[in-house]
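Chains, contacts and geometry: an overview
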Amino acid sequence: MRDTRKQTSTFICTQYDVGDWHEKIGETTLAEAVIDLLVQNAVEINLGTLNMRKITSPSKFYSSKK
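These notes cover the structure that comes with them. (Residues numbered from 1 in each chain as written. Predicted model: local features only at pLDDT ≥ 70, side-chain atom pairs only at ≥ 80, totals over all residues. Heavy atoms only, no water.)

1. Some thoughts on a nonpolar patch on the surface
- A cluster of nonpolar side chains, namely Val43, Ile45 and Leu47, defines an oily patch on the protein surface of about 410 Å² accessible area.
- Positionally, Leu47 belongs in the loop between helix H2 (28-39) and helix H3 (52-56). (Patch = residues over 30% accessible without salt bridge, like charges linked within 9 Å, V, L, I, M, F, W, Y side chains within 5 Å. Areas by Shrake-Rupley, 256 points an atom, 1.4 Å probe, with all protein chains shown as cover. Salt bridge = Lys/Arg side-chain N within 4 Å of Asp/Glu carboxyl O. Helix = DSSP H or I, 4+ residues; strand = E, 2+ residues; numbered from the N terminus.)

Written as structure tokens, this is what we have:
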């Protein structure tokens, strides 16, 4: 098996924190393996709670009082 971890990039976009991945993936062993591979040299960019649907949707769907 060829080791390509240092030759390629992987981009993951998710709405869940890394701490919640175990629960979302389910299988503990699989979750641990996936997280270890993805997080070991990761650069995490947190965009906060920006909700583009709320910004761009007509006002009838979202109240500005929320």
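2. Observations regarding a negative patch on the surface
- A contiguous patch of negative charge, built from Asp17, Asp20, Glu23 and Glu44, is present on the exposed surface.
- For Glu23, the position within the fold is in helix H1 (residues 21-25).
- Owing to a relative accessible area of 64%, Glu23 belongs among the exposed residues under this scheme. (Lys, Arg positive; Asp, Glu negative; His and termini not counted. Charge placed at Lys NZ, Arg CZ, Asp CG, Glu CD. Buried < 20%, exposed > 50% of the residue type's maximum accessible area, 1.4 Å probe, protein only.)

3. A short note on the environment of Phe11
- Relative to the elements of secondary structure, Phe11 occurs in the segment before H1.
- Here Phe11 falls in the exposed class, since its relative accessible area comes to 76%.

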